[in-house]
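# Remarks on the overall topology
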Amino acid sequence: MGFYSRMRTSPYFSPAVKALAWFPVVMFFVDHGFSYGTVHGRSMQPTFNPDSNKMWRDRVLLNKWAVTDHEFKRGEVVTLTSPSDPKCVLTKRIIALEGDTVQPLKHNKAPVYVPKGHCWIEGDEAFHSRDSNTFGTVPMGLIKAKVTHVLFPFDRFGPVEKRPISKRVTVGFIQPGQDDDYW
Amino acid sequence: MGPFQYFRQNGGKILRGATYAVQFMCFAHVFNQYIAEATFCMGPSMLPTFNISGTIVAVEHITPHFRGYRMGDVVVCISPAAPGRAVLKRILGLPGDNVCVDPTSQERKYIDIPEGHVWLSGDNLSNSTDSRYYGPVAMGLIRGRVFAKLWPECRLVPDALIPVSKEHYNR
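Residues numbered from 1 in each chain as written. Chains lettered and ligands numbered in written order. Predicted model: local features only at pLDDT ≥ 70, side-chain atom pairs only at ≥ 80, totals over all residues. Heavy atoms only, no water.

### Quick notes on the overall build of chain B
Condition: Under the scheme used here, helices are H or I runs from DSSP no shorter than 4 residues and strands are E runs no shorter than 2 residues, and both carry numbers assigned from the N terminus. The classification of residues rests on relative accessible area computed with a 1.4 Å probe and restricted to protein chains. Under 20% of the type maximum is buried, over 50% is exposed, and intermediate values are partly exposed. In what follows, a contact means two residues having at least one pair of non-hydrogen atoms within 4.5 Å. A 1.4 Å probe and the Shrake-Rupley method give the accessible areas. Residues count as covered only by the protein chains that appear here.
A count of helices and strands for chain B gives 4 helices and 10 strands. Each helix and strand of chain B, placed in order from N terminus to C terminus, yields the pattern α-β-β-α-β-β-β-β-β-α-β-β-β-α. Seen through its principal axes, chain B has C-alpha atoms that stretch 85 × 35 × 30 Å. Burial status across chain B gives 41% buried among its 171 residues. When contacts within chain B are restricted to residue pairs at least 6 apart in sequence, those whose partners lie at least 24 apart make up 52%. Here chain B has roughly 10200 Å² of accessible surface; of this, 61% comes from carbon and sulfur atoms.

### What about the sheet that holds strand β6 (residues 112-113) of chain A?
Convention followed: When DSSP locates at least two bridges between a pair of strands, those strands are taken to pair.
With antiparallel pairing, 3 strands are arranged side by side in an open sheet as β6-β5-β11 (chain A). The sheet is open, and its two borders are formed by β6 and β11 (169-170) of chain A, each paired with just one other strand.

### A look at the interface of chain B and chain A
In plain terms, the rule: The term buried area refers to how much accessible surface (probe radius 1.4 Å) is lost by two components on association, counted for both of them together. Any pair of nitrogen or oxygen atoms within 3.5 Å is treated as a polar contact; in protein, a donor-acceptor pairing is required on top of that, and neighbouring residues in sequence qualify only through side-chain atoms on both sides.
Each partner contributes to the interface: chain B provides 32 residues, whereas chain A provides 26 residues. When residues of chain B are sorted by the area they lose upon contact with chain A, Gln 23, Ala 81 and Pro 83 of chain B head the list and together hold 21% of the total. Along the contact surface separating chain B from chain A lie 5 residue pairs in polar contact (both at pLDDT 80 or more). Contributing elements (two or more residues each) for the side of chain B that touches chain A: α1 (3-34) and β4 (86-93) of chain B. Tallying contributions element by element places α1 of chain B first for the side of chain B that touches chain A, with 9 residues.

### A look at the UniProt feature "active site" (unreviewed entry) in chain B
All names here are of chain B. Worth spelling out the cut-off: UniProt positions are given in the numbering used here, feature names are shortened, and annotations may be inferred rather than shown by experiment.
Look at the UniProt record and you will see "active site" (unreviewed entry) annotated at Ser 45 and Lys 89. Spanning 45 residues, the named residues nonetheless gather at one spot, since no C-alpha pair among them exceeds 7.9 Å. Inspection of the secondary structure puts Ser 45 in the loop between β1 (36-41) and β2 (55-60). Looking at Ser 45, its side chain comes within polar contact range of the side chain of Lys 89, at 3.0 Å.

### Section: the UniProt feature "domain: Peptidase S26" (unreviewed entry) in chain B
All names here are of chain B. As recorded in UniProt, the feature "domain: Peptidase S26" (unreviewed entry) lies at residues 21-102 and 108-151. Across residues 21-102 one finds 23% helix and 34% strand; the C-alpha atoms that close the span lie 50 Å apart. For residues 108-151, the end-to-end C-alpha separation is 38 Å, with 9% helix and 45% strand making up the annotated structure.

### Description of the UniProt feature "domain: Peptidase S26" (unreviewed entry) in chain A
When the UniProt feature table is mapped onto this chain numbering, "domain: Peptidase S26" (unreviewed entry) sits at residues 27-103 of chain A. Annotated as 8% helix and 32% strand, the span residues 27-103 of chain A places its first and last C-alpha atoms 41 Å apart.

### Thoughts on the packing of helix α3 (residues 23-32) of chain A against α1 of chain B
To be explicit about the condition: Axis geometry follows a simple rule: fit a line to the C-alpha atoms, using only the stretch in contact for helices, then measure angles between N-to-C directions, giving values from 0 to 180 degrees. Roughly parallel covers angles under 35 degrees, roughly antiparallel covers those over 145, roughly perpendicular covers 65 to 115, and oblique covers all other angles. Should the near helix be turned counterclockwise from the far one by less than a right angle, the crossing is left-handed, whereas a clockwise turn marks it as right-handed.
Between α3 of chain A and α1 of chain B, the shortest axis-to-axis distance is 8 Å and the interhelical angle comes to 60°. As far as their axial angle goes, α1 of chain B and α3 of chain A are oblique. Once α3 of chain A is placed against α1 of chain B, the crossing between them reads as left-handed. Contacts between α3 of chain A and α1 of chain B pair Pro 24, Val 25, Met 27, Phe 28, Asp 31 and His 32 of chain A from the former with Val 22, Gln 23, Cys 26, Phe 27, His 29, Val 30, Gln 33 and Tyr 34 of chain B from the latter.

### Quick look at the pairing of β4 of chain B
Remember that side chains alternate between the two faces of the sheet whenever the strand is regular. Residue and element names in this part refer to chain B. Of all the 8 residues making up β4, 6 are buried; the element is thus mostly covered by neighbouring parts of the structure. When strand β3 (residues 74-78) meets β4, the two strands line up antiparallel, connected through 5 bridges. In the strand pairing of β4, Val 76 is matched with Leu 88. Bridge count for β4 against strand β7 (residues 117-121) is 3 bridges, and the pairing is antiparallel. Bridging from a neighbouring strand, Arg 90 pairs with Ser 121 of β7.

### What about the UniProt feature "active site" (unreviewed entry) in chain A?
All names here are of chain A. Taken from the UniProt record, the annotation "active site" (unreviewed entry) applies to Ser 43 and Lys 92. Over a stretch of 50 residues, the named residues converge on one spot in the fold, their C-alpha atoms separated by at most 7.9 Å. Counting through the fold element by element, Ser 43 comes out in the loop between β1 (34-38) and β2 (59-63). Note on Ser 43: relative accessible area 10%, which makes it buried. Leave out the neighbours within four places in its chain, and Ser 43 touches Thr 91, Lys 92, Gly 123, Asp 124, Glu 125, His 128 and Ser 129. Side chain to side chain, Ser 43 and Lys 92 meet in a polar contact 2.9 Å long. Within the element layout of this structure, Lys 92 appears in strand β4 (residues 89-96).

### Describing the pattern of salt bridges
Here is the rule: We count a salt bridge whenever a side-chain nitrogen from Lys or Arg sits within 4 Å of a carboxyl oxygen from Asp or Glu.
A full pass over the atoms with the stated rule returns 16 salt bridges over all chains. Note that Arg 163 of chain A and Asp 124 of chain A form a salt bridge whose closest N and O atoms lie 3.7 Å from each other. Of this pair, Arg 163 of chain A sits in the loop between β10 (158-159) and β11 while Asp 124 of chain A sits in the loop between β7 (118-122) and α4 (132-135), and the two are 39 residues apart along the sequence. Judged by its relative accessible area of 16%, Asp 124 of chain A falls in the buried class. The salt bridge partner of Arg 132 of chain B is Asp 130 of chain B, with a shortest N-O separation of 3.1 Å. Judged by relative accessible area, which is 15%, Arg 132 of chain B ranks as buried. Owing to a relative accessible area of 0%, Asp 130 of chain B belongs among the buried residues under this scheme. Put simply, Arg 93, Asp 124, Glu 161 and Arg 163 of chain A are held in one network by salt bridges that share partners.

Quick look at the structure:
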């Protein structure tokens, strides 16, 4: 018998195909539902990786379903593709949304108006963070997931706190008539 | 036979059918996300390459992983101004290039494209909102490369820009 017919009549063939058929469902769930991620670096101290000397990195729950309608609140922690390197994923906190005016951390810089579809993100640890203070406002289409809970280590297991609106933000809104139609 | 008895007799078949439906839909979605998909796009910004009343285009996601995006590629990209909307544009500048911001304006201004960004431009410069307005676009927003048109005419979209000889340009 040839290889193909031996494979088809094997008693393991049917369960293997049945198991393989669930693979796209799992991929869909991981891509659009919930998955977990590892936080590297010190830019979100003390929220994540508060002790740089320890060996482990924080594991967090990523909620990808919540970003499908692109509704964000100021103070939420999100993961996003880095604007300067599309292969790199950053974990930062949203400080300001579209229409707001933000004062960057360097006080000699002018306040920045966040245009439509963009947001201002910052890491909790200002000195070790490459964020909007470095590369400016970030389009919200780059945001991939909301970081909702810390899974590991177990002594910090629980929801990620949302910070109140920073004093450097002047909350604004986009005028209703200025809805530009981009093709 | 009431609905309860019908479900008790055929419950296994219904559940199996529902399982196959969910598995097929997830497979189709994953295929669209990672391999290729067909999307509908309309608008005046890519005339004459794509018409104004609507085209179904074939978008692929494989070659950008291997050889990256090249100059002249037509790409589907999430709009920087509206994260729920996708736009169809052509890449006219790669990271590190120096491009002219608006060839249609009186004074020519040039800009360096930062790393991780590309310059998008519609083929119909008279009616296209593109990088001339919202600046260089982060490559993380690009969703895929258009390689063929499916409807109303079925043909491959040519690969890149055509090189022009210097004598032709100076004439």
